[in-house]
Amino acid sequence: MTSLIQFTQTAEESLIAAFFRESEGNWRSERRYYTLPDGETKEMVSMIAIRFLEQDCPELVRLGKMHEMEEPGAIICGSYVEWNSTNSVTGRKESKGSTIFGALGKILYRDRGFATSKPVTAQYSFTNPKTLCLRTEYNCSVFEEELKLIGDNYRTRQTIISRAGEQQMIGQYLEKRI
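Cut-offs and rules
Residues numbered from 1 in each chain as written. Predicted model: local features only at pLDDT ≥ 70, side-chain atom pairs only at ≥ 80, totals over all residues. Heavy atoms only, no water. Helix = DSSP H or I, 4+ residues; strand = E, 2+ residues; numbered from the N terminus. Rg over C-alpha atoms; globule rule 2.2 N^0.38 Å. Contact = heavy atoms within 4.5 Å. Areas by Shrake-Rupley, 256 points an atom, 1.4 Å probe, with all protein chains shown as cover. Lys, Arg positive; Asp, Glu negative; His and termini not counted. Charge placed at Lys NZ, Arg CZ, Asp CG, Glu CD. pLDDT = per-residue confidence, 0-100. Salt bridge = Lys/Arg side-chain N within 4 Å of Asp/Glu carboxyl O. Buried < 20%, exposed > 50% of the residue type's maximum accessible area, 1.4 Å probe, protein only. Pairing = 2+ DSSP bridges. Axes fitted to C-alpha atoms, helices over the stretch in contact; angles between N-to-C directions.

> Would you explain the overall build of the chain in this entry?
When you go through the chain residue by residue, the secondary structure sums to 2 helices and 10 strands. Ordered by position in the sequence, the α and β elements of the chain form the string α-β-β-α-β-β-β-β-β-β-β-β. Here the chain has a C-alpha radius of gyration of 16 Å; the compact-globule value for 178 residues is 16 Å, and the two agree. With the C-alpha coordinates aligned to their principal axes, the bounding extent of the chain is approximately 50 × 40 × 30 Å. Taking the intrachain contacts of the chain between residues at least 6 apart in sequence as the baseline, contacts between residues at least 24 apart amount to 46%. For the chain, the computed accessible surface area is about 10100 Å², with 51% contributed by carbon and sulfur atoms. Of the side chains in the chain, 23 bear a positive and 24 a negative charge, and the two mean positions are spaced by 5 Å.

Next comes the structure, spelled out in C-alpha cells:
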C-alpha cells in the first residue's frame, strides 16, 4: 500500500513538473472577472513571466522555510510568476507583483495567496496531463482554479471564488505565449 501511495505522488509530481516546464515563458493574459450575483464585469490584461524552479534553488528553499518544513529543500520543483496588470477599459494599472509556487506530494505551496500576502497551500490534481486543478482555502474562502495548456502557445484558466458556500466571483482567462 505504501509503495502505491508513493508511486501516485511521484506520478503527480512528474505531472506538475512537466506542467510548470511547459508554462515557462512570457504570456499575455486577457482576463474577465464576473462579480456574483449581480454579474458586474471587470476586464484586465496582464503580462506574465513564468520561470521554472529546480529543486534546491534558493527560492524553493526559502519557500520551504516559510512553510516551516523540516527539510526546506524537499520541494521538488516550482515556478516563479511575475505579473503586471492593467484595466482593459480604463487603461489604469491594477496590480503588479510576483509569487512562488512549489510542489511536494499533492500539495502546492505558495509564498502568498490570491487575497493574502501570507503563505498558503493548495491541493492539486490533474484531469489529464495538460489540465491542472487547484483548490485553496483560507480566510473562510475557497479558490478553485483550472489551468489548461492548449498546444504550445495558449493556456486557459478559470477561477471560482466562494465564501460561506456561495460563489462570489468567477475569473476567466485566455493566455497567449509571446
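> Would you mind going over the confidence of the model for the chain with me for this structure?
One rule of thumb: low pLDDT means the predicted coordinates there are not for detailed reading. Mean pLDDT over the chain works out to 92, with 95% of the residues at or above the 70 mark. Mean pLDDT per element in the chain: helix 1 (residues 2–23) is the minimum at 74, and strand 8 (residues 141–150) is the maximum at 97. In the predicted structure, residues 1–8 sits below a pLDDT of 50 and forms 1 contact with residues beyond four places in sequence or in another chain.

> I keep staring at the pattern of salt bridges and nothing clicks. Help me out?
Note that side chains of opposite charge can pair when their charged atoms are close. Using the criterion set out here, one finds 13 salt bridges in the structure. The salt bridge involving Arg135 is made with Glu137; its shortest N-O contact spans 3.0 Å. Arg157 is the salt-bridge partner of Glu175, the closest N and O atoms lying 2.8 Å from each other. With Glu175 in strand 10 (residues 166–177) and Arg157 in strand 9 (residues 154–163), this residue pair connects regions lying 18 residues apart in the sequence. Residue class for Glu175 comes out buried when judged on its relative accessible area of 0%. In the salt-bridge network here, residues are joined through shared partners; they are Arg31, Glu145, Arg155, Arg157 and Glu175.

> Whenever I open this one, the sheet that holds strand 9 confuses me. Can you help?
Either a parallel or an antiparallel arrangement is found when strands of a sheet pair, and the pairing is made through backbone hydrogen bonds. Taken in spatial order, the 10 strands of this closed barrel run 1-2-3-4-5-6-7-8-9-10, and their pairing is antiparallel. Neighbour-to-neighbour, the strand axes of this sheet turn through a mean angle of 25 degrees, independent of strand direction. Sheet topology note: the strand 1 (residues 25–35)/strand 10 ladder contains 9 bridges and is antiparallel. By the bridge assignment, Ser29 is partnered in strand 10 with Glu175.

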